[in-house]
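One-letter residues, chain by chain:
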Amino acid sequence: MTPWTLAGTPLASRLLLGTAHYPSPQVLADAVQASGTQVLTVGLRRLQPEHGGGNAFWQRVRALGCHVLPNTAGCHGAQEAITLAQMARELFDTPWIKLEVIGDDYTLQPDPFGTLEAARVLVRDGFQVLAYTTDDLVLAQRLHEAGCAAVMPWAAPIGTGRGPQNPSALQTLRSRLPDAVLIVDAGLGRPSHAAQVMEMGFDAVLLNTAVAQAGDPVRMARAFAQAVDAGRLAFEATPMGERQTAQASTPTLGMPFWHQS
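Scoring rules and cut-offs
- Per-chain numbering applies: the sequence of each chain, read as written, is numbered from 1 onward.
- Local features in this predicted model are restricted to residues whose pLDDT is 70 or higher, and side-chain atom pairs enter the listing and the counts only when it is 80 or higher, whereas totals over whole chains, interfaces and linings include all residues.
- Remark: hydrogens and water are excluded; side-chain values derive from all non-hydrogen atoms of the structure.
- The helix and strand labels rest on DSSP assignments: H or I over at least four residues marks a helix, E over at least two residues marks a strand, and numbering proceeds from the N terminus.
- The buried label goes to any residue with under 20% of its type's maximum accessible area, the exposed label to any with over 50%, and the partly exposed label to all in between, with areas taken from a 1.4 Å probe on protein chains only.
- Counted as a polar contact is a pair of N or O atoms within 3.5 Å, where, for protein atoms, one must be capable of donating a hydrogen and the other of accepting one, and residues adjacent in sequence contribute only when both atoms are in side chains.
- Contact definition: two residues touch when any of their heavy atoms are within 4.5 Å.
- Each pair of strands is called paired provided DSSP finds at least two bridges between the two strands.
- When the strands point away from the viewer, a crossover counts as right-handed if the path from the first strand over the helix to the second runs clockwise.
- For this analysis, a ring pair means two rings from Phe, Tyr or Trp (six-membered ring only for Trp) whose centres lie within 6.5 Å, classed as stacked if their planes differ by under 30 degrees, edge-to-face if by over 60, and tilted for the remaining angles.
- By definition here, charges over rings are those cases where NZ of Lys or CZ of Arg is within 6 Å of the ring centre and within 35 degrees of the ring normal.
- Buried residues of nine kinds, namely Ala, Val, Leu, Ile, Met, Phe, Trp, Tyr and Cys, make up a nonpolar core once their side-chain atoms join them within 4.5 Å.
- Only the stretch in contact is used when fitting a helix axis, every axis being a line fitted to C-alpha atoms; angles between N-to-C directions are given from 0 to 180 degrees.
- The cut-offs work like this: below 35 degrees is roughly parallel, past 145 is roughly antiparallel, 65 to 115 is roughly perpendicular, and the gaps in between are oblique.
- Charged residues are taken to be Asp, Glu, Lys and Arg, nonpolar residues to be Ala, Val, Leu, Ile, Met, Phe, Trp, Tyr, Cys and Pro, and polar residues to be all remaining types, Gly included.
- The rule for a salt bridge is simple: a side-chain nitrogen of Lys or Arg has to be within 4 Å of a carboxyl oxygen of Asp or Glu.

Participant: Would you mind going over the side chain of Ser-13 with me for this structure?
Facilitator: Its location among the elements puts Ser-13 in the loop between strand S2 (9–11) and strand S3 (15–18). According to the relative accessible area criterion, Ser-13 is buried, its value standing at 12%. Separated by 3.2 Å, the side chain of Ser-13 and the backbone nitrogen of Leu-15 make a polar contact. When neighbours within four sequence positions are excluded, Ser-13 is seen to be in contact with Trp-4, Ser-35, Gly-36, Thr-37 and Gln-38.

Laid out in structure tokens, this is it:
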């Protein structure tokens, strides 16, 4: 598999994992190992005592040996996300931040205005911003122009597992932003969904619920890793073009009869 670079860091795996909702810390550790991931995303709010996290959880994540990507999950405004990002940089000692500014509590759709505002401030402040967004082309362009290290469009709303709801929009993002790092984040539920977006040429996928809440998270993590690799390999191999009519795959030379219509 061709290595790639995320926020200046060379990586081999194109699968990023979340760390929430696993049945136990041991299942999380086993799933991480099975997936081969090198990047784990962690919500700062989960580390606060009132959310049942804290230093013990952080130490367990740190022991897994992956790059940590803090996120601003749960923020509903640009300033709130900026403040949380600054706290995360101090706590995790990393300029990486997964920027989430939620605009709607029902769909968890990101707020485009707050996301772009926060992204511009954080980039100027030296952060490597990975911005969670919808599949809107103009917003993705603005985030890329603002200097985000990666633009992370959803395939479907967070936690739905429905897979790509608008493949055409995702393909447009990839074709119109050829130089941007694009990571599909949210809405993937099955390994086939991951393979589908990787075949489009996306650089990576980020998953949480699809693995953590599977019947067997460890085996599902392995399945997603294989699907991501297969999808990327297919993209690099350049799939055949689609046709409107059938075309025989076996040669006609030497056949005793050839019917012409």
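Participant: Any chance you could explain the pairing of strand S7 (residues 128–133) here in plain terms?
Facilitator: Look at any regular strand and the pattern is simple: side chains alternate between the two faces of the sheet. Within S7, 5 of the 6 residues are buried, which leaves the element mostly enclosed by the surrounding structure. For strand S6 (residues 96–99) and S7, the ladder comprises 4 bridges, and the chain directions are parallel. Bridge pairing in S7 places Ile-97 opposite Val-129. Handedness of the crossover joining S6 and S7 through helix H4 (residues 112–124): right-handed. Pairing of S7 with strand S8 (residues 150–153), which is carried by 4 bridges, proceeds in the parallel orientation. For Leu-130, the partnering residue across the bridge sits in S8 and is Ala-150. The handedness of the S7 to S8 crossover, carried by helix H5 (residues 137–145), is right-handed.

Participant: Even after reading the chapter, I still don't get the packing of aromatic side chains, so can you show me in this structure?
Facilitator: In this description, a pair of aromatic rings is defined by centroid distance and the angle of the planes. Counted by the stated rule, this structure contains 0 aromatic pairs. Sitting over the face of the ring of Tyr-132, Lys-98 holds its NZ or CZ atom 5.9 Å from the ring centroid.

Participant: Looking at this model, I keep getting lost on unusual backbone geometry. Mind explaining?
Facilitator: Trans is the common state for peptide bonds, and a negative phi is the common state for residues other than glycine. Backbone geometry places Ala-7, a non-glycine residue, at a positive phi of 50°. Residue placement: Ala-7 occurs in the loop between strand S1 (4–6) and S2. Given a relative accessible area of 15%, Ala-7 falls into the buried group. Despite not being glycine, His-21 shows a phi value in the positive range, around 70°. Following the sequence through the fold, His-21 ends up in the loop between S3 and helix H1 (25–35).

Participant: What is the right way to look at the nonpolar core in this model?
Facilitator: Here is a general trend for soluble globular proteins: nonpolar side chains tend to be buried in one another's company. Within the largest apolar cluster, 63 residues are counted, with the highest numbers of intra-cluster contacts made by Val-129 and Val-205. Of the residues forming this core, the biggest block, 7 residues, is contributed by helix H3 (residues 78–92). Beyond its immediate stretch of four places on either side in the chain, Val-129 contacts Ile-97, Leu-99, Ala-119, Leu-122, Val-123, Cys-148, Ala-149 and Ala-150. Among the nonpolar cores identified, the runner-up in size contains 16 residues, and Leu-69, Ala-149, Ala-150 and Ala-204 belong to it.

Participant: In this structure, what is going on with the environment of Pro-10? I would like to understand it.
Facilitator: Mapping Pro-10 onto the fold places it in strand S2. If near-sequence neighbours (up to four positions away) are discounted, Pro-10 is found in contact with Trp-4 and Thr-5.

Participant: What am I meant to see in the packing of H4 against H5 here?
Facilitator: Each packed pair of helices is defined by two parameters, the angle between the axes and the distance between the axes. Contact geometry for H4 and H5: axes closest at 9 Å, N-to-C directions at 10°. Comparing the axis directions of H4 and H5 gives the class roughly parallel. Along its contact with H4, which presents Pro-112, Thr-115, Leu-116 and Ala-119, the element H5 presents Leu-139, Arg-142 and Leu-143. Residues that form the contact of H4 with H5 fall into these classes: 5 nonpolar, 1 polar and 1 charged.

Participant: Explanation requested: the pattern of salt bridges in the structure shown.
Facilitator: Pairs can form between side chains of opposite charge once their charged atoms are near each other. All chains considered together, the criterion is met by 6 salt bridges. A salt bridge links Lys-98 to Asp-185; the nearest nitrogen and oxygen atoms lie 3.0 Å apart. Of this pair, Lys-98 sits in strand S6 while Asp-185 sits in strand S9 (residues 183–185), and the two are 87 residues apart along the sequence. The exposure classification of Lys-98 matches that of Asp-185, with both residues buried. A salt bridge links Arg-174 to Asp-203; its shortest N-O distance comes to 2.9 Å. A residue pair is termed long-range when its members are at least 10 positions apart, and Arg-174 in helix H6 (residues 167–176) and Asp-203 in the loop between helix H7 (191–199) and strand S10 (204–207) qualify at 29 residues. Salt bridges sharing common partners tie together Lys-98, Glu-100 and Asp-185.

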